[in-house]
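Now for the letters of each chain:
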Amino acid sequence: MRRLSRLALAASLALALLAPASARPDSETAPVASASATVGEHVHTAPVPLLWKLSDADNSVYLLGSFHLLKPDDYPVSTDVDAAFNAADRLVFEVAPEDLHDPSTALKFLQAAGYGDGGSLSEVLPQDMREKFDRILAGNGASIAQFEAYEPWFVNLSLTLGLSQSMGFSGEHGLDQYLMRAAADAGKPTAGLESIDDQLGALDNTPMDEQVASLSDFIERPEAMPGMLADLHTAWRNGDIPELDRMTREEMQAQTPETYRLVNVARNQAWLPRIRALLDDSASEDVLVVVGALHLLGEDGLVEQLADEGYVMERVCSACAAGDSMQTAER
């Protein structure tokens, strides 16, 4: 069950960038677990970046793996990230900042999260799961009625966001949002690899049985979630690729394969030609591409797929151990 609970949390973190605050139910008033025992000591060293560089004779493209929910003391960023940002003529995110912050996004999000056939959460959850969820919510002064209109993937995400906020994390401090603001301050152009509609389409098409399974993982062990979020955050901060891969990609792939395909594999495949074009079709412009860390991991990740196509991928990591600071993958 511990592995499955991590799956629920990892799946929610992979989607956290998509949820504008105004599109969430009042989950902040209904956390499913106390975070007081798992908030770690403040860390003042910069996170070890998940940063790669691919270059040709004319320009370079940097790939940076983000964590969508961070804390103020996750900053400043490493000198490697600063250098990549300074070198970049423009930045590309999963979704363009103007689309992410468009007021219409909240409404689109809520429409995607609802039941097109007029159903409800209570109708898709097994009775024992529904009753346990209602008891958990009642203990926090809430009820399942707050979530009835939403599909399980959205409820899962809302619970994760509420939990993360109680632990001091927020989307506003996520690396994506930080770099969006930095780009705006520096006057650097930005763009997106996909649209909000693309992302919401992937979510809305995830199988209901897999949505229910992931939410069940969360509900069955709510007390374990704060520690798991802390573990994921630590793995990202440490740049620990094997651990992060095990805790996110491998478990999603094994336990909810169709959700994994829609949320990770299909989107990566759609992004690859756009990333290649940033290098091949641009004469002199360097670009920093910022995506969730999940999208860079494993055989389905952007790093290995670009390496398989013959691109030289350099891991940029001044903080890594000697000899590992610039890891080259070439096929």
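The preceding data block contains the structure.
Just so we're clear, the structure is a prediction, and the values are computed from it rather than from any experiment.

Chemist: Hey, could you run me through helix α2 (residues 79-87) in this one?
Modeler: Since the α-helix advances by 3.6 residues per turn, residues separated by three or four positions end up pointing in the same direction. The set of residues buried in α2 consists of Asp80, Val81, Ala84 and Phe85. Down the axis of α2, the smallest arc covering the buried residues is 135°, so these residues share one side. Those residues of α2 that are exposed and aimed more than 90 degrees away from the buried face are Thr79 and Asn86. Packing partners of the buried residues in α2 comprise β1 (51-55), β2 (60-66), β3 (90-95), α8 (175-186) and β5 (287-292).

Chemist: Got a minute to help me understand the state of the cysteines in this structure?
Modeler: Note on terminology: a disulfide is the covalent bond linking the sulfur atoms of two cysteines. What the rule picks out here adds up to one disulfide. Covalently, Cys317 is tied to Cys320 through a disulfide, its sulfur atoms 1.9 Å apart. Every disulfide takes its handedness from the sign of the S-S torsion; for Cys317 and Cys320 that torsion is 90°, giving right-handed. An identical accessibility class is assigned to Cys317 and Cys320; each is buried.

Chemist: Got a minute to help me understand the packing of aromatic side chains in this structure?
Modeler: Two aromatic rings are characterised by how far apart their centres lie and by the angle between their planes. In total, this model carries seven aromatic pairs according to the counting rule given. When the centroid spacing of 5.7 Å and the interplanar angle of 40° are considered together, the rings of Phe67 and Trp236 count as tilted. Residue Phe67 is located in the loop between β2 and α2, and its partner Trp236 is located in helix α11 (residues 225-237); the two are separated by 169 residues in the primary sequence. Trp236 carries the same exposure label as Phe67, and that label is buried. Taking the centre distance of 4.5 Å and the plane angle of 35° together, the rings of Tyr75 and Tyr178 count as tilted. Remark: Tyr178 occurs in helix α8 and Tyr75 occurs in the loop between β2 and α2; sequence separation between them is 103 residues.

Chemist: Teacher, can you tell me more about the nonpolar core here?
Modeler: Note that soluble globular proteins tend to have their nonpolar side chains buried in a common cluster. Of all hydrophobic cores here, the largest spans 89 residues; its most connected members are Leu63, Leu121, Phe133, Leu179, Leu288, Val289 and Met313. With sequence-adjacent residues up to four places away left out, Leu63 is seen in contact with Leu50, Leu51, Trp52, Leu54, Ile275, Val289, Leu296, Leu302, Val303, Leu306 and Met313.

Chemist: I would appreciate a short explanation of unusual backbone geometry in the present structure.
Modeler: Excluding glycine, residues mostly carry a negative phi; peptide bonds, for their part, are mostly trans. Across the junction of Tyr75 and Pro76, the peptide omega takes the value 10°, indicating a cis bond. Here Pro76 lies in the loop between β2 and α2.

Chemist: Explain the side chain of Arg237 to me, please; I cannot follow it from the model alone.
Modeler: Residue position: Arg237 is located in helix α11. Among the residues examined, Arg237 registers a relative accessible area of 9% and is labelled buried. Within the structure, the side chain of Arg237 is placed 2.3 Å from the backbone oxygen of Thr45, a separation counted as a polar contact.

Chemist: Could you clarify how one ought to interpret the pairing of β3 in this entry?
Modeler: On any regular strand, side chains alternate: one points to one face of the sheet, the next to the other face. By the criterion of burial, β3 is predominantly enclosed, with five of the six residues buried. Looking at chain direction, β3 and β5 are connected through four bridges and run parallel. Paired with Arg90 across the bridge in β5 is Val287. Alignment of β3 against strand β4 (residues 190-194), held across four bridges, turns out to be parallel.

Criteria and cut-off values
- Residue positions are counted from 1 within each chain, in the order its sequence is given.
- Residue-level local features of this predicted model are given only where pLDDT is at least 70; pairs of side-chain atoms are given and counted only at 80 or more, and the full residue set underlies all totals for whole chains, interfaces and linings.
- Excluded from the side-chain calculation are hydrogens and water; included are all heavy atoms of the structure.
- Note on classification: 1.4 Å probe, protein chains only; a residue is buried when its accessible area is under 20% of the maximum for its type, exposed when over 50%, partly exposed between these limits.
- Helix numbering and strand numbering both begin at the N terminus, where a helix is a DSSP run of H or I of at least 4 residues and a strand a DSSP run of E of at least 2.
- Throughout, the arc means the angular range of directions from the helix axis out to the C-beta atoms.
- For this analysis, residues touch if any pair of their heavy atoms sits within 4.5 Å.
- The definition used for a disulfide is geometric: two cysteine sulfur atoms within 2.5 Å.
- Two rings from Phe, Tyr or Trp (for Trp, the six-membered ring) form a pair when their centres sit within 6.5 Å of each other. Planes less than 30 degrees apart are called stacked, planes more than 60 degrees apart edge-to-face, and all others tilted.
- We define the nonpolar core as a collection of buried residues of types Ala, Val, Leu, Ile, Met, Phe, Trp, Tyr and Cys that are connected through side-chain atoms lying within 4.5 Å of one another.
- Here a polar contact is recorded for every N or O atom pair within 3.5 Å, except that within protein the pair must consist of a potential hydrogen donor and a potential acceptor, and residues adjacent in sequence are included only if both atoms are side-chain atoms.
- Each pair of strands is called paired provided DSSP finds at least two bridges between the two strands.

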